[in-house]
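What follows is the residue order along each chain.
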Amino acid sequence: MRNYLAIALTTALMAFCLCAAAAKPTSITFESDNKTIDGIEYANFIVKCSNGEKQLMTTWNNRKKWCVGRDSFNNCNQKQIKAAMKACETQAKEH
């Protein structure tokens, strides 16, 4: 019975540590304004993550659509903070 309890506690602790260690955005900084060939305006931002890494984000439609990556239409969200969290999570999964 003690072994099962020890295994369950260890598993729970490991899951908690993995969640707590996930990178989170610490700052979002403007990088540049741009236009597509069709004249659509967008801007690039740099997200600094709690693990020390940096990730890029692109905003479209007067900052109403935030996407992960430079000049990107992928992995988007309407809220800046949610897109920044995705950017840091995406980066953590790649490393």
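Whatever comes next refers back to the structure up there.
These figures come from a predicted structure and were not determined experimentally.

(A) The sheet that holds strand 5 (residues 76-77), seen in detail. Strands sit in the order 1-2-3-4-5 across an open sheet of 5 strands; the sheet is antiparallel. Pairing within the sheet leaves two strands with one partner each, and these edge strands are strand 1 (25-35) and strand 5. In the sheet, strand 4 (residues 65-68) pairs with strand 5 via 2 bridges, with the strands oriented antiparallel. Counterpart to Cys 67 in the pairing with strand 5 is Cys 76.

(B) Main features of the pattern of salt bridges. The final tally for this structure, using the stated rule, is 2 salt bridges. With a shortest N-O distance of 2.8 Å, Arg 70 and Glu 31 are connected by a salt bridge. Taken as a pair, Arg 70 in the loop between strand 4 and strand 5 and Glu 31 in strand 1 lie far apart in primary sequence, 39 residues in all. The partly exposed category is assigned to Arg 70, whose relative accessible area is 42%.

(C) Inspection of the nonpolar core at higher detail. Core analysis: the biggest nonpolar cluster contains 12 residues, these being Ala 23, Ala 43, Phe 45, Val 47, Cys 49, Met 57, Trp 66, Val 68, Ala 83, Ala 84, Ala 87 and Cys 88. For this core, the secondary structure elements donating two or more residues are strand 2 (41-49), strand 4 and helix 2 (80-94). With residues up to four places along the chain from it excluded, the contact list for Cys 88 reads Ala 23, Lys 24, Pro 25, Val 47, Lys 48 and Cys 49.

(D) Up close: unusual backbone geometry. Unusually for a residue other than glycine, Asn 61 sits at a positive phi of about 55°. Looking at where Asn 61 falls in the secondary structure, it is placed in the loop between strand 3 (54-60) and strand 4. Even without a glycine there, the phi angle at Arg 63 is positive, about 65°. Tracing the backbone through its elements, the reader meets Arg 63 in the loop between strand 3 and strand 4. Judged by its relative accessible area of 47%, Arg 63 falls in the partly exposed class.

Each value, and the rule that gives it
- Residues numbered from 1 in each chain as written.
- Predicted model: local features only at pLDDT ≥ 70, side-chain atom pairs only at ≥ 80, totals over all residues.
- Heavy atoms only, no water.
- Pairing = 2+ DSSP bridges.
- Helix = DSSP H or I, 4+ residues; strand = E, 2+ residues; numbered from the N terminus.
- Salt bridge = Lys/Arg side-chain N within 4 Å of Asp/Glu carboxyl O.
- Buried < 20%, exposed > 50% of the residue type's maximum accessible area, 1.4 Å probe, protein only.
- Core = buried A, V, L, I, M, F, W, Y, C linked by side-chain atoms within 4.5 Å.
- Contact = heavy atoms within 4.5 Å.

In short, geometric facts, not functional conclusions.
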